[in-house]
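So the chains spell out like this:
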There are 2 protein chains.
Amino acid sequence: MFLSAASRPSSTSSLDSLFQYIEEHQDEFVQKLGEWVSVQSDSSTPALWGEVERVLSMTADRITAMGGVVERADIGAQQLPGGQSVRRPPVILAQFHMDPEKATLCIYGHVDVQPAKKEDGWDTDPYTLTELNGNLYGRGATDNKGPVLAWLHAIETYQATSQELPVNIKLIIEGLEEVGSDGLEELTQRCKDSFFSDVDYIVISDNVWATRRPALTYGTRGSSYFFVEVEGPKTDLHSGVFGGSVHEPMMDLIALLDSLLGHTGKILVPGLNEMVAPVTKEERKLYEGIHFDLEETKLETGVQRFLQDSKEGVLMARWRYPSLSIHGIEGAVSIQGPQTVIPKQVVGKFSIRLVPHMEPATVERQVKEHLHGVFAQLNSPNRLRVTSSVGAWPWLADLKDPQYVAGCRAVEVVFGVEPELIREGSTIPIAHDFHKVTGKSVMMLPIGGHDDGEHSQKEKISRYNFIQGTKLFVAYFHELSMLHKSLPQIQCNI
Amino acid sequence: MFLSAASRPSSTSSLDSLFQYIEEHQDEFVQKLGEWVSVQSDSSTPALWGEVERVLSMTADRITAMGGVVERADIGAQQLPGGQSVRRPPVILAQFHMDPEKATLCIYGHVDVQPAKKEDGWDTDPYTLTELNGNLYGRGATDNKGPVLAWLHAIETYQATSQELPVNIKLIIEGLEEVGSDGLEELTQRCKDSFFSDVDYIVISDNVWATRRPALTYGTRGSSYFFVEVEGPKTDLHSGVFGGSVHEPMMDLIALLDSLLGHTGKILVPGLNEMVAPVTKEERKLYEGIHFDLEETKLETGVQRFLQDSKEGVLMARWRYPSLSIHGIEGAVSIQGPQTVIPKQVVGKFSIRLVPHMEPATVERQVKEHLHGVFAQLNSPNRLRVTSSVGAWPWLADLKDPQYVAGCRAVEVVFGVEPELIREGSTIPIAHDFHKVTGKSVMMLPIGGHDDGEHSQKEKISRYNFIQGTKLFVAYFHELSMLHKSLPQIQCNI
């Protein structure tokens, strides 16, 4: 499917000394990751942003020490519920020496982390990087401090071995990714004609492989979040006193939610499935090549049977078809003691994952029309209000894009296998946003393992992935430059 | 429908001096209620039971001072979640001088209260009885300290005016009613052949009128509470990663809950409605006579339209037909941040109010069979578990029972109108339990107004109801004795 190792340009042999440097300095790299993990840069509440700023400063200092030029871009202030506002941690925009002859790669990463406390169920202290059986456990190890450091180590490797960086490097490193990257899209917009103007490729390493095989990620699902509010009486009512005589808001809501989804997982909102791009023959082939083990996934998750029978069916359902999940119902929170209340108002919450060519605004309209139509049939005197948030677009890259070819080759060089070409079922708005705003090619190049447990109490990156990932980045710089020189003759054969 | 005032035995004129005493001592009675309300006898947690014991002691001391004989009956210990146990507050069993020639009336009441804090939204301090526009606001004013004191004041009135009590009086006063009367049924069982052996009638004044008119209550609905647990994967799953490929427990639960109830409020569980006693012609007439204002209730509750169009329809739906209310869903509680999780396990909670001749065990079987049948059609690999609790029987008294005749007459004497014969839609297990265990006649004789707001942040009893209620009890003692003398000639003409 790809160019074989034999046909690779001979210049890849120059990578050997780079790889050797990485092997010899792997303990230092791991130690550096330990330093970064020890900073509790949890961005979940503004009260903790001091530590986010600290790790951003460490990042900036490191880049400066390596000869990079750093700008701390202001991304405004956050409004707090109390009415005050607090300055957001800056975004780091950095660049190394720019050679107009070379391609320019912009690397995105983030150094904030999800919350973590030992008592949440961690076996180890989440802020002390701990190596066990080849795995480096700690909050942020894989999401996303490990990959960010791997990029910096890749640059360091070229410098330390006195090899010229084969591509121009820019970096955009933020500290609010885990809370939705507030301010980043505006910044991208603002820097479209400055920082981003000479960028050729944007690469993101903020996800993980799908299986035990290395991967390139070419798509993510979008997301629309819905709140279905049914409001009835002025106050909660006693179910003994009023039960049987009122249209209970909960009864209406259950009927509304039950109208969304068939038992086969099919979304029943009219018009929605018709927007989904049909599967092509070539695309189907991609899924056949993925080493996804259905039985192993069943064991890992405790899911006894998936909605689809085949590996391909399950992967497509997760990556390239829309899905609808009902997350919960608000409104029973104020109950005290035995809960025999008729809640006066309930809010059902569900989200829909979007795929090409679904548009968030159209989906919102379809969902609202559908729910209001169902509600009309209930003949209820209650008030229905459907609101929507998020509305993140799906993202899908062109696999024929040169940086995917470079990514394929780099994987082959480092791991000796072709990468799996995968999509993410979850929503990572930055990929779509970067592409939409800058018009540049975007690729996701994960180095984390499929079992890294981002956001969980077992977050880790393996030493193998961390070190081989650093080699992958080194090789990727190289392959991208090679490709850039010889364009357009070489293409990824997909 | 009832004997007219003209045909009443002339001896009722002896009530005048009793009524006069009550009128003249009403400020004292209100002051006493203030003292009782000031005791924060919230039984919701064992940590607060000291105050429950204090008000029980005040009650016992008062009865002793009036010449009653008091026994503090032990009702065992409560197991705490931590494994320890704590002694329950005793139940007061009391009796005044027993004359074998007289009928014996046993009065039930409770002196514990629901929780109350000023900051919950009270306009006044909940533990400072406050008179505003003829209403006495305070926690326990109507539920149930006011009525218990009214019984004691009724006895005091006979004693203070040197009139012999026309019936033998026994009292059973507890301190755990608001948390389910733990231990009371066992005590009743234990005292069936001792304390209860010579009791002719049991009277309970622990509810309120249905409208602005005085009432006798002859029935309560029972209750069965159900937990529908659907368990799927081992852990919560990310809806982005797995959405579309798994049978989500929430999706199954919504379908299960939606199968319970039609949009007209009809319960769809097969067999359930067939157990409901048919409405008789006589019964329908009772509902026509109730001064229930549908439009006023709409305004008070904010319910724009009831499921039934007529007054009779709404009242029957609330009192004499079963109802099913869905109260909430557990399982989304552990979510942090943006809630895009697929919960691994969800528990839907609903209750069914039972009426004659529904049996809790049969209802439980029908509901379980129905839900398991629906679940089988979902073809889901998840696990379903339906459990049930409460299982309180409905209660229905015979309106031809002598004490209802006495109650009717007493209402006529005091208020000059016939009482409304009402049922309660809510569940008050003691009425059924007393009848079931002792085999004695039970009546509920409310003195609280329909707008007293038991359990709410506006709990009150009006001075009018408190004082007229005391007269009602005085008259009730009298009418019961008259009736007892002349049985079986006089019957309530229903």
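Structure: see above.
Residues numbered from 1 in each chain as written. Chains lettered and ligands numbered in written order. Predicted model: local features only at pLDDT ≥ 70, side-chain atom pairs only at ≥ 80, totals over all residues. Heavy atoms only, no water.

A. Focus on the pairing of strand 15 (residues 345-354) of chain B. Residues and elements named next belong to chain B. Of all 10 residues in strand 15, 9 are buried, a share of seventy percent or more. Direction of pairing for strand 11 (residues 222-231) relative to strand 15: antiparallel, over a ladder of 10 bridges. Residue pairing in the sheet places Gly 222 in a bridge with Leu 354 of strand 15. (Buried < 20%, exposed > 50% of the residue type's maximum accessible area, 1.4 Å probe, protein only. Helix = DSSP H or I, 4+ residues; strand = E, 2+ residues; numbered from the N terminus. Pairing = 2+ DSSP bridges.)

B. Representation of the sheet that holds strand 20 (residues 460-462) of chain A. All names here are of chain A. Pairing in this open sheet of 3 strands is antiparallel, and the strands run 6-7-20 from one edge to the other. One side of each edge strand has no neighbouring strand; the edge strands of this open sheet are strand 6 (130-132) and strand 20. Adjacent strand axes in the sheet meet at a mean angle of 25°, parallel and antiparallel pairs treated alike. Sheet topology note: the strand 7 (residues 135-137)/strand 20 ladder contains 3 bridges and is antiparallel. Bridge pairing links Leu 136 to Ile 461 in strand 20. (Axes fitted to C-alpha atoms, helices over the stretch in contact; angles between N-to-C directions.)

C. The arrangement of the packing of helix 2 (residues 26-37) of chain B against helix 3 (residues 49-65) of chain B in detail. Residue and element names in this part refer to chain B. Look at helix 2 against helix 3: their axes get within 10 Å of each other, and the N-to-C directions meet at 145°. The residues of helix 3 that touch helix 2, namely those facing Lys 32, Glu 35 and Trp 36, are Val 55, Met 58, Thr 59 and Arg 62. Broken down by class, the residue content of the contact of helix 2 with helix 3 amounts to 3 nonpolar, 1 polar and 3 charged. (Contact = heavy atoms within 4.5 Å. Nonpolar A, V, L, I, M, F, W, Y, C, P; charged D, E, K, R; others polar.)

D. Representation of the relation of the copies chain B and chain A. With an RMSD of 0.0 Å, the operation that places chain B on chain A is a rotation of 180° combined with a shift of 0.0 Å along the axis. Taken together, the turn and the small shift mark the pair as related by a two-fold rotation axis. Same-surface contact between copies: 100% of interface residues of chain B are shared with the interface of chain A. (Least-squares fit on C-alpha atoms with pLDDT ≥ 70 in both.)

E. How the structure looks around helix 9 (residues 294-301) of chain B. Restricting attention to buried positions, one finds in helix 9 of chain B the residues B:Leu294, B:Thr297 and B:Thr301. For helix 9 of chain B, the arc enclosing every buried residue in end-on projection is 60°, short of the 170-degree limit, so these residues lie on one face. Buried positions along helix 9 of chain B lie against strand 12 (237-238) and helix 6 (239-242) of chain A together with helix 10 (311-319) of chain B. The opening residue of helix 9 of chain B is B:Asp293, an N-cap whose side-chain oxygen sits 3.0 Å from the backbone nitrogen of B:Glu295. Two residues or fewer past helix 9 of chain B, B:Gly302 is found with a positive phi of approximately 80°. (Arc of directions from axis to C-beta. Polar contact = N/O pair within 3.5 Å; in protein donor to acceptor, adjacent residues only side chain to side chain.)

F. Representation of the interface of chain B and chain A. Contacts between the two partners involve 68 residues from chain B, matched on the other side by 68 residues from chain A. Across the chain B to chain A interface the summed buried area is about 5,500 Å²; carbon plus sulfur atoms make up 55%. When the area that chain B buries against chain A is broken down by residue, the three leading residues are B:Met251, B:Arg305 and B:His327, summing to 11%. Taken together, the connections running from chain B to chain A amount to 0 salt bridges. (Buried area = accessible area lost by both parts, 1.4 Å probe. Salt bridge = Lys/Arg side-chain N within 4 Å of Asp/Glu carboxyl O.)

G. Region of interest: helix 10 (residues 311-319) of chain A. The buried count for helix 10 of chain A comes to 7 of 9 residues, which makes it a mostly enclosed element. The complete set of buried residues in helix 10 of chain A reads A:Lys311, A:Val314, A:Leu315, A:Met316, A:Ala317, A:Arg318 and A:Trp319. Turning to helix 10 of chain A, the residues buried within the fold contact helix 8 (281-288), helix 9 (294-301) and strand 18 (420-424) of chain A together with helix 6 (239-242) of chain B.

H. Looking closely at the side chain of B:Thr470. Residues and elements named next belong to chain B. With respect to the helices and strands, Thr 470 occurs in helix 14 (residues 463-486). At 2.7 Å, the side chain of Thr 470 and the backbone oxygen of Phe 466 are in polar contact. For Thr 470, the residues in contact, after removing those within four places along its chain, are Ile 22, Phe 29, Ala 150, His 153 and Ala 154.

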